[in-house]
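Letter by letter, the chains look like this.
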Amino acid sequence: MRRILVATDFSSRSEQALRRAALLASASGAKLDLVHAIDPDRPRELVTAEAGLSRDLLDEQRSLLRDRHGINARSHLYEGEPFQGIGKALEELQPDLLVLGAYRRRLLQDTFVGTTAERAIRRSPRPVLMVNAEARDPYTHVLAAVDLSEHSARALRTMATLGLNRDAAVSVAYAFDAPGTGFLTLGTMSKAEIRSYLAEEQALAARELDAFLAKANFGRVQRIVRQIESTDVAAIGAIATELAADLLVIGAGSGHARMLLGSTALELLATSSRDVLIVPRLG
């Protein structure tokens, strides 16, 4: 990893993202860039005043990075909506990773769609790390959720290329849906027959995961196969809790498709208390 871009709005959420970005930059030797955007749709004197204050705050953050982590970061200030500023920085700097602070959850309007984070992630051609947890140490357990697609394989390779599994255990989880499970009843099948059917589906899913990992040539990882009982997100969340995983990895568009991002990725980003790495589709 050569360059990391972290977006900041000077909130506690973005400070948390900055700390994670600093840990990653220190471990990898990557350059670190800070980006902030200001709203130009106001009287010019207000825009100018905010730009001056923002530069001062960016300088303070750069000083902290230098003093605490020995990192000489650069800062970039843009006019426009935050996601527009992030987009300009991505285009100009071509970072290997974009780091964002946690999505701001609101009590009565808790929707991820349309937020700055969601809009930036949709438009980012680069992997995006959303930092949801306090960043004190390197990641210890990475959980990659796959759907056996080539895009899932690319997400695994991207995670390794970025070095996010450098000091961590890695588990790969495949949540499968056994066809017709909702129609299995004791009126049509005995308990033994139901158990046998589900065991066969589990074994098939395990073989499919083994073949996927062999083709991806990803190496030795813990392999987890889990039947979806309610939703794929619930299954992934349960596995993450069992493993005490501190980073989830998923490809945008994986799971049940939703345009550009994918409903599984959307829900994980909106609800996860763990950090989430989203790897975009190519093309």
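**Describing the sheet that holds strand β6 (residues 141-146)**
Across the sheet, which stays open at both edges, the ten strands sit in the order β3-β2-β1-β4-β5-β10-β9-β6-β7-β8 with mixed pairing between neighbours. A single partner strand is all that each edge strand has here, and the edge strands are β3 (74-79) and β8 (222-227). In this sheet, neighbouring strand axes are inclined to one another by 25° on average, regardless of whether the strands run parallel or antiparallel. Inspection of the sheet shows β6 paired to strand β9 (residues 247-251) by three bridges, in the parallel sense. Paired with Leu143 across the bridge in β9 is Leu248. In the packing of helix α5 (residues 150-162) onto the sheet, the strands contacted are β4 (97-101), β6, β7 (169-176), β9 and β10 (275-279), and the crossing angle to β10 comes to about 120°. Running at roughly 160° to β6, helix α7 (residues 232-243) makes contact with β6, β7, β8 and β9 of the sheet.

**Examining the pattern of salt bridges**
Taken as a whole, this structure holds eleven salt bridges when the rule is applied. Here Arg62 and Asp59 are joined by a salt bridge, their closest N and O atoms 3.2 Å apart. Separated by three residues within a single helix, Arg62 and Asp59 lie in helix α2 (residues 44-69), roughly one turn from each other. Classification of Asp59 as partly exposed rests on a relative accessible area of 35%. Because the salt bridges share partners, they merge into one network encompassing Arg3, Asp33 and Arg74.

So, how was this worked out
- Residues numbered from 1 in each chain as written.
- Predicted model: local features only at pLDDT ≥ 70, side-chain atom pairs only at ≥ 80, totals over all residues.
- Heavy atoms only, no water.
- Pairing = 2+ DSSP bridges.
- Helix = DSSP H or I, 4+ residues; strand = E, 2+ residues; numbered from the N terminus.
- Axes fitted to C-alpha atoms, helices over the stretch in contact; angles between N-to-C directions.
- Contact = heavy atoms within 4.5 Å.
- Salt bridge = Lys/Arg side-chain N within 4 Å of Asp/Glu carboxyl O.
- Buried < 20%, exposed > 50% of the residue type's maximum accessible area, 1.4 Å probe, protein only.

Interpretation note: all reported values are geometric properties and have no functional meaning in isolation.
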